[in-house]
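Topology and contacts: notes
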Amino acid sequence: MYRTHTCGEIRASHAGQTVTLAGWVNRRRDHGGVAFFDLRDRSGVVQITINPDLPKEILDAVANVRFEWVLQIEGFVQKRPAGNENPNMATGEIEIIAKHITILNPAKTLPFMVSSDADLPDENMRLKYRYLDLRRERLTNNMVLRHKVVKFMRDYLDKQGFIEIETPIMFKATPEGARDYLVPSRLFPGQFYALPQSPQQLKQLLMVSGMDKYFQIARCFRDEDLRGDRQPEFTQLDLEMSFVHRDDVLDLVEGLFTEMIPAVAPHKKLYSSPWPKFSYKEVLERFGSDKPDLRFGMELVDVTDILAKSEFKVFQSALEAGGAIKCIVAPKSAEMSRKELDALTEVAKSFGAKGMPYLAVTAEGAKGSAAKFFKEEELTALKEKSGAGVGDLIVFASDARAIVNKTLGGLRLWFRDKLDLADKTMMAFAWVVDFPFFAFNEETQAWESEHHPFTMPKMADLPKFDSNPAEVYSEAYDMVCNGYETASGSIRIHRRDIQMKMFQMLGLSEEDIQAKFGHMLEAFEYGAPPHGGMAPGIDRLVMLLADEPNIREVIAFPKNQNGRDVMADAPSGVEPKQLKELKIKFE
RNA sequence: GGUCCCGUGGUGUAGCGGCCUAACAUGCGGCCCUGUCAAGGCCGAGAUCGCGGGUUCGAAUCCCGUCGGGACCGCCA
């Protein structure tokens, strides 16, 4: 071994011991006589003191040492002289008096500093040198936190009687859902494996196998456009249980996270325990989102009735078209500048609104783009119902109800960020249940499954399958936290007849059903147990626990927004020989 | 597919028609310095301002295009 201890573990209790450490030079402070190095490894940083009484050859070698050189240092641990302790360092009570220094490897000047997060380089630069960026304390801590999260999950589920089973990465393309990543088959030219969007089918088949209480830290792949909270490959805690109802699954997952948060992120508070449970309809109406951020108020207020006879044409035409009028109240925002309001209007438009009427409530009365159209009694009722007071800004949306909710939901989050309304130490977990079973796709003019095609409908709604699909609800559920969807799951279909009906509703032909899902349908004929499960997204949860603004910061080697690996430069071309073996030609 | 924002020494920023022969910080090189911890002091090197075209007497600065990056909408069962 190159070392007897790690840098970050040395404490006052080690004083008097001789230790050997190895690590990187995080900082150096050379006073001409005495010099200090901060030596860093994954565990942390410790101060090495180099006294001028060391042999000349050591002092000469040390004089050349620069940032990020790799050193091995033998020395003894000493309490720092009184007054020289550094309370900002975990190891700040002590220092290592160097006796021997070995240069294990010098380093070129790095493209950027890793010992400070001030002036963070451009993200492309960070990704290109990801192996250096990961040396930052911040990213190192994120990796450690992620490990703790996954370790906690494994331990907790093991105690609950779950077993971890791996499922294939090379599997089968599915017509529903996200775009698949395809893997060409050499032995069957023209045929493809697909990387799993999730182990959905496989975990259900494991239930048919009797592998009750399965879980897996599962990599999932979806070939869709990226976002700050979406990578083309991501990791889920995939779990599935047999002989359970919805609340059995929710209780298990709620228990897992309720115990995990204090264990891995003690600085985080839970918003409430037990977690609130909302219907899909309720969160859309109150928060304008199916993944509400509960850390602050500003709920949507329905003012359709108050403004039913409004003289404002914008409101009139929305109501005539069968729409709704709702508003949100932004605290202390009456003084927002014209420029900011214009910018905000653009935000509203990006969610589908045609404009963004607003009222600034001032001591002199209501002001704003639509103020003159409001009658006195309307204003009074409006303030009464919305709770708006002097100094507040009331922002309206009037359109089809879905657009109104979406717009105000989006503006609500805009104000959250602008006014810093959300408590950063809060983890506001909640359940969203009672999702509609089908969603009508305007583009294809066809019904699609809102969750996925293996989700069980509410049994009571089965008769409405053909007559009124919009009124069928499902046994699906989402776990949300701080405005993110952090898990989703459902009770699954375990009966062949219902599954068949589902595929038919989705417009799949008999041939397609057999070719794509024949194995599932057949499996359900051999005694499939009732089952259900869920899949919390590990990247997003770690992102929230680490207070990171995007999931790239909690993934060791993430891809950029275009799905490229900037470090290795992937995707990239391949040798003609490889294509020939696969019998692939390009146009 | 769409909207918006950003590309200036190694890195991060400033400059936004002439004062730019491009500024500041940090890093880099040299010298000084025995208790610092973002050590300090002095000196020095380092940029055809992403790329191409245009407007102008004059472009880092304005316009068009293009490439790269980020945020968002669509998309993400």
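The sections below set out a description of the structure shown in this document. As the structure is a computational prediction, the values presented were derived from the model and not from experiment. (Residues numbered from 1 in each chain as written. Chains lettered and ligands numbered in written order. Predicted model: local features only at pLDDT ≥ 70, side-chain atom pairs only at ≥ 80, totals over all residues. Heavy atoms only, no water.)

Taken together, 51 residues are adjacent to RNA strand B, and Arg-29, Asn-84, Gly-177, His-451 and Gln-561 come closest. Among all atoms of RNA strand B positioned within 4 Å of the protein, those belonging to sugar or phosphate total 55%. A distance of 2.8 Å separates a base nitrogen of RNA strand B from a polar backbone atom of Asp-30. Residue Glu-224 places a side-chain N or O atom 2.6 Å away from a sugar or linking oxygen belonging to RNA strand B. (Near = heavy atom within 4 Å. Polar contact = N/O pair within 3.5 Å; in protein donor to acceptor, adjacent residues only side chain to side chain.)

Quick look at a nonpolar patch on the surface now. On the surface, Tyr-131, Phe-557 and Met-567 cluster together into a nonpolar patch covering about 290 Å² of accessible area. Tracing the chain through its elements places Phe-557 in the loop between α15 (538-545) and α16 (576-582). The partly exposed category is assigned to Phe-557, whose relative accessible area is 42%. (Patch = residues over 30% accessible without salt bridge, like charges linked within 9 Å, V, L, I, M, F, W, Y side chains within 5 Å. Areas by Shrake-Rupley, 256 points an atom, 1.4 Å probe, with all protein chains shown as cover. Salt bridge = Lys/Arg side-chain N within 4 Å of Asp/Glu carboxyl O. Helix = DSSP H or I, 4+ residues; strand = E, 2+ residues; numbered from the N terminus. Buried < 20%, exposed > 50% of the residue type's maximum accessible area, 1.4 Å probe, protein only.)

Across the sheet, five strands lie side by side as β13-β14-β17-β15-β16; this open sheet has antiparallel pairing. Sheet topology places β13 (301-302) and β16 (365-367) at the edges, where each strand pairs with a single neighbour. Where strand β15 (residues 358-362) and β16 come together, three bridges link them in antiparallel fashion. When the sheet's bridge partners are listed, Val-361 is paired in β16 with Ala-366. (Pairing = 2+ DSSP bridges.)

So, on to the pairing of strand β21 (residues 446-449). In the sheet, strand β20 (residues 438-441) pairs with β21 via four bridges, with the strands oriented antiparallel. Each residue of the ladder has a partner; that of Phe-438, found in β21, is Ser-449. Where β20 folds back on β21, the antiparallel hairpin that results is connected by four residues, among which Gln-445 adopts a positive phi of roughly 55°.

To continue, consider helix α10 (residues 376-386). Taken as a whole, α10 has its buried residues at Glu-378, Leu-379, Leu-382 and Ser-386. Take α10 and look down its axis: the buried residues cluster within an arc of 100°, on one side only. In this structure, α10 carries Glu-376, Glu-377 and Glu-384 as exposed residues pointing more than 90 degrees from its buried face. At its buried positions, α10 is contacted by β13, β14 (324-330), β15, β16 and β17 (393-399). One or two positions beyond α10, positive phi appears at Gly-387, with a value near 75°. (Arc of directions from axis to C-beta. Contact = heavy atoms within 4.5 Å.)

In this section: the side chain of Arg-416. Note on placement: Arg-416 falls in helix α11 (residues 401-419). Discounting chain neighbours no more than four positions away, the residues touching Arg-416 are Asp-293, Arg-295, Phe-296, Leu-421, Ala-422 and Asn-482.

Here the focus is a positive patch on the surface. A cluster of basic residues, Arg-227, Arg-230, Lys-291 and Lys-406, forms a positive patch at the surface. Considering the arrangement of structural elements, one finds Arg-227 in the loop between β9 (214-221) and β10 (233-242). (Lys, Arg positive; Asp, Glu negative; His and termini not counted. Charge placed at Lys NZ, Arg CZ, Asp CG, Glu CD.)

Among the structural elements, Gly-177 can be located in the loop between β6 (163-164) and β7 (182-184). For Gly-177, a relative accessible area of 67% puts it in the exposed group. As a C-alpha pair, Gly-177 and Asp-247 span 70 residues in sequence and 26 Å in three-dimensional space.

The subject of this paragraph is the packing of helix α5 (residues 200-208) against helix α14 (residues 510-523). Close contact between α5 and α14 brings their axes to 10 Å; oriented N to C, the two are set at 25°. When the axes of α5 and α14 are compared, the pair comes out roughly parallel. Of the two possible hands of crossing, α5 and α14 adopt the one that is left-handed. Of the residues in α14, those in contact with Gln-201, Gln-204, Leu-205 and Val-208 of α5 are Phe-517, His-519, Met-520 and Ala-523. Partitioned by chemical class, the residues of the contact of α5 with α14 number five nonpolar, three polar and no charged. (Axes fitted to C-alpha atoms, helices over the stretch in contact; angles between N-to-C directions. Parallel < 35°, antiparallel > 145°, perpendicular 65-115°, else oblique. Left-handed = near helix turned anticlockwise from the far one by under 90°. Nonpolar A, V, L, I, M, F, W, Y, C, P; charged D, E, K, R; others polar.)

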